[in-house]
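Okay, here's what each chain looks like letter by letter:
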Amino acid sequence: MRAVLDTTFRSLRVRNYRLFSLGQLIKLVGVWTMFTAQDWLVLDLSHNSPGALGVVTALQFVPVMLLTLYSGRLADRYDKRKLLIIANSVFAATAIAFAIIVASGIVQLWHVFMFALLFGIANSVETPVRQAFVSELVELPLLPNALALSAATFNSARIGGPALAGVLLAAFPMRVVFLLATVLAIAPIFTYTRMNTSELLGIERKHRGNAKVLDGLKYVGKRADLVLPITLMAVVGMIGFNFPVTLAALAKINFHAGASSFGLLTTALAVGALGGALAGSARRARPGAYRVIGAAIAFGVFEFAVGFAPNFVVAMLLLVPTGFFSIYLAQAANHRVQMGVDAEYRGRVMALYVLVFLGTTPIGASLAGWWGEQFGVPSSIWVGGLVSFVAAVATLVWQLRASGDRLRFRLRPRPSLRLIESPSVASPVVSPPVASSPVGSPSVHSEAAVLVGPAPALAVQVRREPPARTPEPVVKG
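Residues numbered from 1 in each chain as written. Predicted model: local features only at pLDDT ≥ 70, side-chain atom pairs only at ≥ 80, totals over all residues. Heavy atoms only, no water.

Now for the overall build of the protein. Within the protein, the secondary structure is distributed over 17 helices and 4 strands. By the burial criterion, 55% of the 477 residues in the protein qualify as buried. Considering only contacts in the protein between residues 6 or more positions apart, those separated by 24 or more positions represent 85%. Here the protein has roughly 19800 Å² of accessible surface; of this, 68% comes from carbon and sulfur atoms. (Helix = DSSP H or I, 4+ residues; strand = E, 2+ residues; numbered from the N terminus. Buried < 20%, exposed > 50% of the residue type's maximum accessible area, 1.4 Å probe, protein only. Contact = heavy atoms within 4.5 Å. Areas by Shrake-Rupley, 256 points an atom, 1.4 Å probe, with all protein chains shown as cover.)

Time to look at the packing of helix H2 (residues 15–46) against helix H3 (residues 50–77). Two elements in contact, H2 and H3, have axes separated by 9 Å at closest approach and are oriented at 135 degrees. It follows that H2 is oblique to H3 by the angle criterion. The way H2 lies across H3 gives a crossing that is right-handed. Counting all contacts with H2, which are made through Phe35, Gln38, Asp39, Val42, Leu43 and Ser46, the residues of H3 involved are Ala52, Leu53, Val56 and Gln60. (Axes fitted to C-alpha atoms, helices over the stretch in contact; angles between N-to-C directions. Parallel < 35°, antiparallel > 145°, perpendicular 65-115°, else oblique. Left-handed = near helix turned anticlockwise from the far one by under 90°.)

Both the distance between ring centres and the angle between the ring planes are used here to describe each pair of aromatic rings. In total, this model carries 20 aromatic pairs according to the counting rule given. Between the aromatic rings of phenylalanine 20 and tyrosine 192, the centroid separation amounts to 6.3 Å while the plane-to-plane angle is 55 degrees, which identifies the pairing as tilted. Residue phenylalanine 20 is located in helix H2, and its partner tyrosine 192 is located in helix H8 (residues 187–193); the two are separated by 172 residues in the primary sequence. For phenylalanine 20, a relative accessible area of 3% translates into the label buried. A ring pair is formed by tryptophan 371 and phenylalanine 375, whose centres lie 4.6 Å apart and whose planes are at 45 degrees; its orientation type is tilted. Of this pair, tryptophan 371 and phenylalanine 375 are both found in helix H16 (residues 361–375), 4 residues apart, which corresponds to roughly one turn of the helix. Grouped by ring-pair contacts, the aromatic residues Phe35, Phe91, Phe98, Phe115, Phe119 and Phe178 constitute a single cluster. The positively charged end of lysine 27 is found above the aromatic ring belonging to phenylalanine 91, 4.7 Å away from the centroid. (Phe/Tyr/Trp six-rings, centres within 6.5 Å; stacked < 30°, edge-to-face > 60°. Lys NZ or Arg CZ within 6 Å of the ring centre and 35° of its normal.)

By the element assignment, alanine 95 lies in helix H4 (residues 80–104). Residues alanine 95 and methionine 34 lie 61 residues apart in sequence; the distance between their C-alpha atoms is 8.8 Å. Each residue touching alanine 95, except ones within four places of it in the same chain, is listed here: Met34, Phe119 and Thr182.

Within the largest apolar cluster, 86 residues are counted, with the highest numbers of intra-cluster contacts made by Met34, Phe98, Phe119, Phe178, Leu319, Leu329 and Tyr353. Sort the elements by how many residues they give to this core and helix H14 (residues 312–338) lands first, with 10 residues. Excluding residues that lie within four positions of it along the chain, leucine 329 makes contacts with Leu232, Met233, Val236, Val292, Ala295 and Ala296. The next biggest cluster of nonpolar side chains, apart from the first, holds 21 residues, and it includes Tyr17, Phe133, Leu149 and Tyr192. (Core = buried A, V, L, I, M, F, W, Y, C linked by side-chain atoms within 4.5 Å.)

This part takes up unusual backbone geometry. Trans is the prevailing form of peptide bonds, just as negative phi is the prevailing case for residues other than glycine. Unusually for a residue other than glycine, histidine 47 sits at a positive phi of about 60 degrees. Note that histidine 47 resides in the loop between H2 and H3. Owing to a relative accessible area of 70%, histidine 47 belongs among the exposed residues under this scheme. In this model, asparagine 48 sits at a positive phi of 65 degrees, which is unusual for a non-glycine residue. For asparagine 48, the position within the fold is in the loop between H2 and H3.

This is how it looks when you write it as structure tokens:
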């Protein structure tokens, strides 16, 4: 057990990373508490309008769509720690002003819209810089674990924040909830200032001077292994990841639930997401394309099922595996992108990833809100799952055609769930699950996922022919 814990949390041995994680956990608990209360406030002020929720979510992410690529350029040129201190200070000041307006009792719907836009501006700088900053906190061998723990921190806050908001909203007036959430949101300002800057692993300043957004886009365009996960996450992020819009409306409008019950739905989603984050924490190598695609297919299936949940309890249970595969997918795609780039391009590439993953939310949130008002909230959920599933299947076809791999279905004599690899296509050998090939080492193995089922079980096998191909670039730094 101790060995498992040491493996799962090994990045926490690094002091700077501990400070980073602590600050993020405290802040995000406050942010999720505030956003949960904000969703409930919007429904009260708009007389239960899913469209109003969609507008708020869209406004939070419009700046991400407009400013993120420039933020990635800043991340590659300037001190990331200082940029994060500035961005978090702006976010904290905005949260304080919002809490004061709510506490005064004069808040109106347009106030919420305005502050949603201001929060989005701060996040449009903070998010891509923070994503790239993780690589400066730990050595490259620890990077997958550090990224996984960052995702676990985020989803721990998604559990604690909505649950705390549900309790506070039931026990105290809404103004108290906003004031308490604001106190928590300022934590990263203090943890960033306490870091030991001499232990940061950033590239030398001389390599940062000519960082251009267009160069980053050209770099990605030449890398099919980066284009695939970024394109997939553009679709899933825009259409499938709209739970901030749909869950509050589903709880209040369809299930006639209160604020605390809405917190339970969000917490169920976050519990599964935390499991998905921890499932990837032991990863030591760059995940393969088929792992990303498989997670996207599973996510689409479970989100589709949530849209047809007949009652609150069934929806809450289905949200657990939906949350698991949502973060497992996002984390695997993040790892595949971040671990496959040169250090001097990491800020701009991660900015592009954040742009397509989060920056497309204004479009998706507006569509989900409009669709929910026209055809019902459940349909906006199952349509999101269906689109995500179709996108994943299309990506699978793309990957198979581009790589020359072949997908085969066959029966196996016993049920199991495992990943097998063979040293050659001609003579497969069953072995325990193994990680993907390291960056720069093109695999000539065949991979198969054997699905659980009554004997004989169905096996889905990807057979990879070993023709000569240009290897993926080796990560520098």
